[in-house]
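This is what each chain is made of:
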Amino acid sequence: MNPDRHTQFLIRKEKILQVAEKLLLENNQEMTLDELVAELDIAKGTLYKHFRSKNELLLELIIQNEKEILKISDKYNTDVKEYAPRYMLYHLKAPSRTILLHQLEEHLTMTESKLKHLFDELYEIRQQRIVSLKEMTEKYLKSQNYDMSIRDYLSYIWSLTYGAALLLNSSYYQRSIGSREKLINLYVNQALSLPTQKVQIDIQALDNE
């Protein structure tokens with residue numbers, strides 16, 4: 001494939017992913033390949049030159065998003081107070097996309113067994129992100145005198161982010177949220193505010209009550 005054709009191929013692939021995301025968001029995660037090619041005004045054979053199945057397309061969409069998150073991690077990996085707000089805002093500016101991609105991944109993880117190479121690529125990107133943030137996160141946790149693993153702290157930030165995304169995307173809570181900006185600031189500050197005193201909870205004992 002010559003350079004010009006390769007560039008056109010990549011541009012068309014990007015366009016397919018953009019339109020697929022748009023249709024999934026508009027139709028509550030429902031989309032057929034027939035709907036996609038109709039929206040793109042291309043032949044289905046053209047689509048299959050880029051993606052061999054719908055699940056492959058969906059997983060590529062998730063991978064594309066993870067690459068964007070990795071860019072944020074690589075750019076702001078010297079100060080948690082620089083990184084956390086940008087990471088969280090990336091998700092919270094488009095909460096419906098955050099929820100969509102998370103739920104798609106959960107579904108594909110449970111149902112798709114033929115795309116191991118793409119799952120491996122996805123997990124490798126996430127591992128790169130942890131490595132990129134390792135030194136910064138370790139330094140921050142030590143400065144706070146907080147005994148938490150790097151993975152656990154990054155998972156903590158993710159859980160806060162996803163919870164905020166659910167609130168921001170909820171039609172019920174939309175009516176009671178006074179200010180989206182204040183809510184986002186609350187969650188970002190929470191990610192940077194580790195408790196000075198840790199309470200040990202006996203979860204097993206609570207379960208047995």
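Residues numbered from 1 in each chain as written. Predicted model: local features only at pLDDT ≥ 70, side-chain atom pairs only at ≥ 80, totals over all residues. Heavy atoms only, no water.

Looking at an unreviewed UniProt entry, the protein carries the name TetR/AcrR family transcriptional regulator, with the source organism given as Acinetobacter suaedae.

## Quick look at helix 2 (residues 33-40)
Buried within helix 2 are the following residues: L33, L36, V37 and L40. Looking straight down helix 2, one finds its buried side chains confined to an arc of 90°; they lie on one side. Among the structural elements, helix 1 (3-26), helix 3 (44-50) and helix 4 (54-75) are those in contact with the buried residues of helix 2. Phi turns positive, to about 60°, at D41, one or two residues after helix 2. (Buried < 20%, exposed > 50% of the residue type's maximum accessible area, 1.4 Å probe, protein only. Helix = DSSP H or I, 4+ residues; strand = E, 2+ residues; numbered from the N terminus. Arc of directions from axis to C-beta. Contact = heavy atoms within 4.5 Å.)

## A word on the domain arrangement of the protein
Each domain of the protein was delimited in the assignment, giving domain 1 (1-51) and domain 2 (53-192). Its C-alpha centre places domain 1 at a distance of 25 Å from the equivalent point of domain 2. Between domain 1 and domain 2, the residue contacts involve 15 residues of the former and 13 residues of the latter. Counting each side, the surface lost to burial between domain 1 and domain 2 is near 1300 Å², with a carbon and sulfur contribution of 67%. (Domains from an automatic or database assignment. Buried area = accessible area lost by both parts, 1.4 Å probe.)

## Details of the UniProt feature "DNA-binding region" (unreviewed entry) in the protein
Under the UniProt annotation, "DNA-binding region" (unreviewed entry) lies at residues 32-51. A distance of 13 Å separates the end C-alpha atoms of residues 32-51, which is 75% helix and 0% strand. (UniProt positions renumbered as here; feature names shortened; annotations may be inferred.)

## Some thoughts on the pattern of salt bridges
On inspection of all chains with the given rule, the structure shows 12 salt bridges. The salt bridge partner of D34 is K44, with a shortest N-O separation of 2.6 Å. You can see D34 sitting in helix 2 and its partner K44 sitting in helix 3, a full 10 residues away along the chain. Looking at D34, the relative accessible area reads 47%, which means it is partly exposed. (Salt bridge = Lys/Arg side-chain N within 4 Å of Asp/Glu carboxyl O.)

## Some remarks on the UniProt feature "domain: HTH tetR-type" (unreviewed entry) in the protein
UniProt annotation of "domain: HTH tetR-type" (unreviewed entry) refers to residues 10-69 when read in the numbering used here. Span residues 10-69 is 80% helix and 0% strand, its end C-alpha atoms 20 Å apart.

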